[in-house]
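What follows is the residue order along each chain.
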Amino acid sequence: MVHIAFVMDPIATLNVNKDSTLAMIRAAQRRGWRLSVLGVGDLALQHGQVVGWTRDLALEADALDDLDSISTSRYYRLGPEARTALADVDMVMMRKDPPFDMEYVYATYLLERARDEGAVVVNDPSSLRDCNEKFYATRFADVTPPLIVATRRDLLLDFHAEHGDVVFKKLDGMGGKSIFRVRRDDPNLHVIIETLTADGGSPVMAQKFIPEIEAGDKRILLIDGEPIPYALARIPKAGESRGNLAAGGEGVGQPLSERDASIAAHVGPELRRRGLRFVGIDVIGDYLTEINVTCPTCIRELDRQFGLDIAADLLDRLASGSGNGP
């Protein structure tokens, strides 16, 4: 029996209507795999070996049959805590939600050691640490919009003066938080830069505004560098320039455009090389804007709209081969 362990937030805190990790858990249980869960605080290096204090997990029959039918009432069972050597687990899924803070970084150190001991860790922990979800996209400059990453106010002001309509965002932001669209002659320009850079203490990204955001910020999921053939266009609500579902955007599924497929094909080989086996890239108009590697979402929305089972496809791919990093 395959044993899969999910490093994740407490299951009681998950959004039962949207969470992608739940789809992966269900797909694993349907295969008859043994399921365990643990948090980043349950990881440890003990006696020269990476271990975790895990609890076996099972979804109740109704949830196993249809995740969309469950309510916030108890839909799972957790077993007693047990000390588990991660090298003895067949697969470790790192599905801890951001923020990407020092606790997360320390967890990647431990998971990297577990990988070196023989554990298959998805996504590769060193790449999780190295591939900042906003900055990593700049590696593919031929498909990204005009942008700058800087701490200096004069450089950010010059970029704004050049492009006139600019989006400023923190490099460690998530869910649409701390994203500001600043048009020409906006009286808040200076205070936004001061706030985001912490008065010149931290770099931020400035990106030319892409008006095609009105048609949606498209999330494209890739498994081993190959895209699911549909994207979820997250369309901003009225008066907003952020499409994030967490910021009130509406998720509308659509087939990949020719440009979407081209961008996915362009970045896919590098994702595979880095052991980033499940990734969500964000595309607005003709441009790649982010590469989400920590805990990509939107499985459930695409499954509902197109009759897919993306989590099952992911586990099939993972079970068929254990490529795990650079």
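Just so it is clear, the model here is predicted, and its values are computed rather than measured. Residues take numbers from 1 onward in each chain, read along the sequence in its written order. Two thresholds apply to this predicted model, a pLDDT of at least 70 for residue-level local features and 80 or more for giving and counting side-chain atom pairs, whereas whole-chain, interface and lining totals are computed over all residues. By convention in this description, side-chain values take in all heavy atoms of the structure and omit both hydrogens and water.

### Notes on the environment of Gln46
Move 1: Counting from the N terminus, the helices are DSSP H or I runs at least four residues long and the strands are E runs at least two residues long. Along the chain, the position of Gln46 falls in strand S3 (residues 43–46).
Move 2: We classify Gln46 as partly exposed; its relative accessible area is 27%.
Move 3: As a C-alpha pair, Gln46 and Ala85 span 39 residues in sequence and 9.6 Å in three-dimensional space.
Move 4: Should any heavy atoms of two residues lie within 4.5 Å, those residues are counted as being in contact. Those residues in contact with Gln46 that sit more than four places away from it in its chain are Val51, Trp53 and Arg83.
Move 5: There is a polar contact of 2.6 Å between the side chain of Gln46 and the side chain of Arg83. A 1.4 Å probe rolled over the protein chains alone gives each residue an accessible area, and that area as a share of the maximum for its type sets the label: buried under 20%, exposed over 50%, partly exposed in between. Throughout this description, a polar contact denotes any pair of N or O atoms lying within 3.5 Å of each other; where both atoms belong to protein, one of them has to be capable of donating a hydrogen while the other can accept it, and for residues adjacent in sequence the pair is counted only when both atoms sit in side chains.

### What to know about a nonpolar patch on the surface
Move 1: Side chains of Met102, Tyr106 and Tyr109 sit close together on the surface and give an oily, nonpolar patch of about 340 Å² of accessible area.
Move 2: Met102 sits in the partly exposed class, given a relative accessible area of 46%. Exposure above 30% relative accessible area and the lack of any salt bridge qualify a residue for a patch; like charges then connect within 9 Å, and the nonpolar side chains Val, Leu, Ile, Met, Phe, Trp and Tyr within 5 Å. All accessible-area figures derive from a Shrake-Rupley calculation using a 1.4 Å probe, and residue coverage is judged against the displayed protein chains alone. Put simply, a salt bridge is a Lys or Arg side-chain nitrogen that is within 4 Å of an Asp or Glu carboxyl oxygen.

### Observations concerning the nonpolar core
Move 1: The nonpolar core is taken to be a set of buried Ala, Val, Leu, Ile, Met, Phe, Trp, Tyr and Cys residues, with the residues joined through side-chain atoms within 4.5 Å. Counting 40 residues, the largest nonpolar core has Ile4, Phe6, Tyr75 and Met93 as its most contacted members.
Move 2: Setting aside chain neighbours within four positions, we find Ile4 in contact with Ala28, Trp33, Arg34, Leu35, Ser36, Val89, Met91, Met93 and Leu315.
Move 3: In this structure, Val40, Val121, Ala264 and Val293 belong to the second largest nonpolar core, which totals 37 residues.

### Topic: the sheet that holds strand S9 (residues 166–170)
Move 1: Here, strands pair whenever DSSP counts at least two bridges between them. With respect to topology, four strands assemble into an open sheet ordered S8-S11-S9-S10, the strand pairing being antiparallel. Edge positions in the open sheet fall to strand S8 (147–150) and strand S10 (179–182), since each of these has one partner strand only. Looking at each pair of strands side by side, their axes are set apart by 20° on average, direction ignored.
Move 2: Of the strand pairs in this sheet, S9 and strand S11 (residues 204–208) are connected by five bridges, and their pairing is antiparallel. Residue pairing across strands places Val167 opposite Gln207, the latter belonging to S11.
Move 3: Packed on one face of the sheet, helix H6 (residues 189–196) meets S9, S10 and S11 and runs near 25° to S9. Between the N-to-C directions of two axes lies an angle of 0 to 180 degrees, each axis being a line fitted to C-alpha atoms and, for a helix, fitted only over the stretch in contact.

### Details of the sheet that holds strand S15 (residues 278–284)
Move 1: In spatial order, the strands read S14-S13-S12-S15-S16; together these five strands make up an open sheet with antiparallel pairing. Both edges of this open sheet fall to strand S14 (250–255) and strand S16 (287–292), since each of them pairs with a single strand only. The average undirected angle you get between the axes of adjacent strands in this sheet is 30°.
Move 2: Pairing between S15 and S16: five bridges, direction antiparallel. Bridging across to S16, Val283 finds its partner in Leu288.
Move 3: Contacting strand S12 (217–223), strand S13 (226–235), S14, S15 and S16, helix H7 (residues 258–273) crosses the sheet at an angle of about 145° to S15.
Move 4: Against the sheet, helix H8 (residues 299–306) engages S12, S13, S14 and S15, with an angle of about 100° to S13.

### Focus on the pattern of salt bridges
Move 1: The tally for this structure, following the rule as stated, stands at 27 salt bridges.
Move 2: The closest approach of N and O atoms between Glu301 and Lys18, which form a salt bridge, is 3.3 Å. Within this pair, whereas Glu301 is found in helix H8, its partner Lys18 is found in the loop between strand S1 (3–7) and helix H1 (20–30), the two being separated by 283 residues in sequence.
Move 3: Glu301 gets classed as buried once you look at its relative accessible area, which sits at 11%.
Move 4: One salt bridge connects Arg317 with Glu226, and the closest N-O pair in it is separated by 3.3 Å. Separated by 91 residues along the polypeptide, Arg317 in helix H9 (residues 310–320) and Glu226 in strand S13 bring together distant segments of the chain.
Move 5: Given a relative accessible area of 42%, Glu226 falls into the partly exposed group.
Move 6: Three or more residues are tied together by salt bridges with common partners; here these are Glu112, Arg115, Asp116, Asp124 and Arg129.

### Examining the confidence of the model for the protein
Move 1: Confidence of the predictor at the level of single residues is captured by pLDDT, which takes values from 0 to 100. Per-residue confidence for the protein gives a mean pLDDT of 94; residues scoring 70 or more make up 98%.
Move 2: Low pLDDT, under 50, characterises residues 322–326; the predicted model gives this stretch 18 contacts beyond four residues in sequence or across chains.

### A look at helix H3 (residues 102–116)
Move 1: Between the first and last C-alpha of H3 there are 21 Å, a value that for 15 residues agrees with the 21 Å anticipated at 1.5 Å per step.
Move 2: Burial in H3 covers these residues: Tyr104, Val105, Ala107, Thr108, Leu111, Glu112, Ala114 and Arg115.
Move 3: Where the residues of H3 are buried, they touch S1, S3, strand S4 (49–59), strand S6 (91–94), strand S7 (121–122) and helix H4 (125–130).
Move 4: Positive phi shows up at Gly118, right after H3, with a value of about 120°. Helices are assigned an expected span. That span is 1.5 Å times one less than the residue count.

### Re H1
Move 1: When you tally the buried positions in H1, you get ten out of eleven residues, the bulk of the element.
Move 2: If you check which residues of H1 are buried, you get Ser20, Thr21, Leu22, Ala23, Met24, Ile25, Arg26, Ala27, Ala28 and Gln29.
Move 3: The N-capping residue of H1, defined by a side-chain oxygen 2.9 Å from the backbone nitrogen of Thr21, is Asp19.
Move 4: In the segment just after H1, Gly32 is the residue with positive phi, at about 80°.

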